[in-house]
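Summary of structural features
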Amino acid sequence: MRVLLVGAGGVGTAITRIAARRPFFEAMVVADYDLARAEAAVSALGAEGARFRAERVDASDEAAVAALLERHACDVLLNATDPRFVMPLFRAARAAEATYVDMAMSLSRPHPERPYDECGVKLGDAQFEEAIGWEKAGVLALVGMGVEPGLSDVFARYAADELFDEIEEIGIRDGANLTVDGYDFAPSFSIWTTIEECLNPPVVYEEDRGWFTTAPFSEPEVFDFPEGIGPVECVNVEHEEVLLVPRWVDAKRVTFKYGLGEEFIQTLRTLHLLGLDRTEPVPVSSASGPVRVSPRDVVAACLPDPATLGELMRGKTCAGTWVKGVKDGAPREVYLYHVVDNQWSMAEYGCQAVVWQTAINPVVALELLATGAWSGSGVLGPEAFPAGPFLDLLTAYGSPWGLREQ
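Residues numbered from 1 in each chain as written. Predicted model: local features only at pLDDT ≥ 70, side-chain atom pairs only at ≥ 80, totals over all residues. Heavy atoms only, no water.

The residue threonine 358 is located in helix H13 (residues 353-371) in this model. Threonine 358 sits in the buried class, given a relative accessible area of 7%. Here the side chain of threonine 358 touches valine 354 through a polar contact of 2.9 Å, landing on its backbone oxygen. Excluding anything up to four places from it in sequence, threonine 358 contacts Val11, Met103, Gly146, Val147 and Phe189. (Helix = DSSP H or I, 4+ residues; strand = E, 2+ residues; numbered from the N terminus. Buried < 20%, exposed > 50% of the residue type's maximum accessible area, 1.4 Å probe, protein only. Polar contact = N/O pair within 3.5 Å; in protein donor to acceptor, adjacent residues only side chain to side chain. Contact = heavy atoms within 4.5 Å.)

The following block contains the structure:
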C-alpha cells in the first residue's frame, strides 16, 4: 500500500507517528499547503521516517492532488484536512481511481426556511450522491473514519452484531475532563470544525420520522463518563454518526451529544451573536487598503493551535457509543468507549490526546484494507464493515477499548 496523506496539522502529524510503527504500507507521502509543516512532520520521525516523504499540495486543487497521487503511484488518499476540502480530495481520489479515506464528511447546509425542524443538505450528502459511480468503478471511499465519526460507528456495528437482538437507541456520547494550563479558552480540536459542528442545527434520526433537526445545544443531559472523567452535561450537536449509523444498523433512534460545558457553549453563542462564526469573507480595512477575510478564520488565527497544547493539557478524553435495546428477551444498556490519557499520549507519541485519538483509527482502518480484512466498493461508512477485526487491531496497537453495562 502506498498512501498520500493530505494535511500535516495535528491529526496528520499524529497519523505519521502512529503509522511509522506499523509495517503494512510501503510508502506514505505527507502533503500540505505549507511544505515546511509537511517536512517537519516527516523529519520528526527520525530513523522511522524512511518510508515517508514531504510534498506541497493545494487541497482545493483536484487536478494537482490527482497528479500527486499518480506521480507517487499512491493507491490510497487519506484526508486529514478540515471539512472544506472533503469534496475536492474525494473527487481527486476518484479521478485517480485511488481508495479514499476521511475523518469528516462533506459539509451540510441548513434548511433555508425551517432550519431547526427540517434537514437541508445533510453531512455527507454530496459524497453519497456520487456513490453509484464509485461502486460501478469498483473503488472504495471509506468516509467518517476518525474517532467520532469512525470508532463510534464501529462500536454501533459491534453492538448490533454481538450485544443486542433489537436496538431501541444508539447515542454517541463524547466527554472529557481536559484542562489547558494558562488558558481560559483553548479548544483541544480545530475551532473551525468545532464551530461548524456546534452551531449548525443538530440532526436526530427516528425510525418513524427519518432525519430531522433541532436547535443547537438541545436536549441537555448529564452523562457519567468512565475512568475518572465523571458526570458531564452533554447536548445535541450536528455529527456524521447520525447520518451514517441508520444506513447500516437498525435502530429506532440515533443521536450525538457532546460534553461541552456551559462556558464553552456561551462562548460559541457569543461568536454566533457577533457573526464571528461566518465563513463568508467580509471587507476589513488595512494599511494597504480593504481586504476580505473570513471571520471564522480570524477566530481560528487568534486561538492557539490545538496541536501545540499537549504539554499544557491535563486529563482524559472519552469517545463512546451508548446503546439501549433487548438481548435474549431482557432489556440491556451498554456504553462502549475509548479513553485516552493526555499524559500517556504525550509521553508515548508526543501528541495531545484528542488529535491522537482521532488519528489512530484511520491508521487501523488502512491496515485492515491493506490486509484484506476490510474490503468493498462505493461510498461506505465504518458500519458497513465487520467490527471485530477493527477492535482487535485497535487493542493490538496498544490502545484498548472498554464496555460498561449501564
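Having seen it, we continue.
The space that makes up the second largest pocket amounts to roughly 460 Å³. Taken together, 20 residues make up the lining of the second largest pocket; nearest its centre are Pro110, Leu199, Asn200, Asp277 and Arg296. Mapped by element, the contributors of at least two residues to the lining of the second largest pocket are helix H8 (191-199) and helix H10 (262-273). Counting residues per element, the lining of the second largest pocket draws most heavily on H8, which supplies 4 residues. (1 Å grid on protein atoms, 1.4 Å probe; cavity = no way out; pocket = protein on both sides within 12 Å on 5 of 7 lines; lining within 4 Å. Points joined across faces, edges and corners; volume = space filled by probe spheres on them.)

Another point: the pairing of strand S12 (residues 230-236). Buried residues dominate S12, accounting for 5 of its 7 residues. When strand S11 (residues 221-225) meets S12, the two strands line up antiparallel, connected through 5 bridges. Across the sheet, residue phenylalanine 225 finds its bridge partner in S12, namely glycine 230. With antiparallel pairing between neighbouring strands as the criterion, S11 and S12 make up a hairpin whose turn holds 4 residues, including glutamate 227 at a positive phi of roughly 55°. (Pairing = 2+ DSSP bridges.)

Residue proline 149 is reached from glutamate 148 by a cis peptide bond, and omega for that bond is 0°. Looking at the element boundaries, proline 149 is found in the loop between strand S6 (140-142) and helix H7 (151-163). For aspartate 328, which is not a glycine, the phi torsion comes out positive at approximately 55°. Within the fold, aspartate 328 resides in the loop between strand S17 (316-327) and strand S18 (330-341). The exposure class assigned to aspartate 328 is exposed, which follows from its relative accessible area of 66%.

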